[in-house]
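Examining the three-dimensional arrangement
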Amino acid sequence: MAFEIICRPVLGDNYAVLIHCPLTGKTAAIDAASETAYDGVLAETGWRIDMILITHHHGDHTDGIGALKQRFGAEVIGPEGERDKIVGLDRTVGGGERIALGAQNLEIIDTPGHTLGHIAYFDPAGKNLFSADALFSLGCGRMFEGTPGPMWAGLEKLRDLPDETEVYCGHEYSAANAKFALSVDPDNPALVARAAEIARLRADNKPTVPFNLGIDKAANPFLRADDPALAARMGLAGANPGDVFGAIRKAKDNF
Ligand code: ZN
Ligand code: FE
């Protein structure tokens, strides 16, 4: 039986995601945006937070750890690479490991770059990816730590996941991402279509998350750094994809 997943906007532009195993009743929060971020859903569903799955050390993903842990006795799991930066971790994990939530497993994928130890969680049975700030619709996290090569390699691993994967990311940044993406890849029909869909959804005040990974593979310039046409547009024909990715990331920072 697949996970039940509920995703709600909190703190302005963050998303608070809960995943629930209906067989066992176990529930995990992806990150801990704040103490109160999950209250609405918990009241509606009667779920309790048994586990907190941290993706990276930033406060908008970790500020709720202490209070939620105290309130629910939740087990807190997070990235091995950020063991020293996150208070309250009970267990750390790294790329390639699996963890159980109730009757099902989640796979850990290393996605360094936004922060050095950033990880994503993938549900292989239901094909859901919890990418936090590694991958957004039509974008990726700002590269605060690390270098373009490893960040590109992490995004390639996410791109290798099945097209039907639904992506739950950490923020509603899609409209701003679409503007930048169109500036570097204006003739890409998949991007033009997704940007129009995002504009429609946001005009109705609707979320653009979760989003389909297959569409994003075709539309998101940060997943297309190895496309020769995009490399040429960046003035980097023949360059290695990590360098093209770095140039796209830098262009977005200055956009
Ligand atoms: Zn972050
Ligand atoms: Fe964030």
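A few points on the structure. Since the structure is predicted, the reported quantities are computational estimates derived from the model, not experimental observations. (Residues numbered from 1 in each chain as written. Chains lettered and ligands numbered in written order. Predicted model: local features only at pLDDT ≥ 70, side-chain atom pairs only at ≥ 80, totals over all residues. Heavy atoms only, no water.)

1. Considering the packing of aromatic side chains
Across all of its chains, the model carries six aromatic pairs by this definition. Taking the centre distance of 4.9 Å and the plane angle of 70 degrees together, the rings of phenylalanine 136 and tyrosine 173 count as edge-to-face. Here tyrosine 173 lies in the loop between strand S13 (166-169) and helix H5 (174-184) and phenylalanine 136 lies in strand S11 (residues 135-136), a separation of 37 residues in the sequence. On the basis of relative accessibility, which here comes to 3%, the residue phenylalanine 136 falls in the buried class. (Phe/Tyr/Trp six-rings, centres within 6.5 Å; stacked < 30°, edge-to-face > 60°. Helix = DSSP H or I, 4+ residues; strand = E, 2+ residues; numbered from the N terminus. Buried < 20%, exposed > 50% of the residue type's maximum accessible area, 1.4 Å probe, protein only.)

2. Points about the state of the cysteines
In protein chemistry, a disulfide is the covalent bond that joins the sulfur atoms of two cysteines. Per the counting criterion, the structure on display carries zero disulfides. Free cysteine cysteine 21: the closest other cysteine sulfur is in cysteine 7, separated by 19 Å. On the basis of relative accessibility, which here comes to 1%, the residue cysteine 21 falls in the buried class. Of all cysteine sulfurs, the one in cysteine 7 lies closest to cysteine 169, which takes part in no disulfide; the gap is 7.7 Å. (Disulfide = S-S within 2.5 Å.)

3. Some remarks on the coordination of the zinc ion (ligand 1)
Bound to the zinc ion (ligand 1) are the protein donor atoms His56 (NE2), His58 (ND1), His114 (NE2) and Asp133 (OD), situated 2.2 to 2.3 Å from the metal. The site at the zinc ion (ligand 1) holds four donor atoms, and with the angles between them running 86 to 174 degrees, its shape is irregular. Mapped onto the sequence, the residues coordinating the zinc ion (ligand 1) show the spacing H-x1-H-x55-H-x18-D. Separating the zinc ion (ligand 1) from the iron ion (ligand 2) is a gap of 3.1 Å, bridged by aspartate 133, which donates to each. Residue histidine 56 is located in the loop between strand S4 (51-53) and helix H2 (59-62), and its partner histidine 114 is located in the loop between strand S8 (104-110) and strand S9 (119-123); the two are separated by 58 residues in the primary sequence. Relative accessible area serves as the criterion here: at 5%, histidine 114 is assigned to the buried category. (Donors = N, O, S within 2.8 Å, 3.2 Å for Na, K, Ca; no water. Tetrahedral: all angles 85-135°; square planar, octahedral: opposite > 155°, others 65-115°.)

4. Overview of the sheet that holds strand S2 (residues 14-20)
As summarised here, the arrangement of the six strands in space is S1-S2-S3-S4-S5-S6, forming an open sheet in which the pairing is mixed. Of all strands in the sheet, those bounded by a partner on one side alone are strand S1 (4-10) and strand S6 (91-93). Going across the sheet, the axis of each strand differs from the next one's by a mean of 25 degrees, ignoring polarity. Pairing analysis gives four bridges linking S2 to strand S3 (residues 27-30), with the strands arranged antiparallel. Residue valine 17 lies in a different strand from S3, and its bridge partner there is isoleucine 30. (Pairing = 2+ DSSP bridges. Axes fitted to C-alpha atoms, helices over the stretch in contact; angles between N-to-C directions.)

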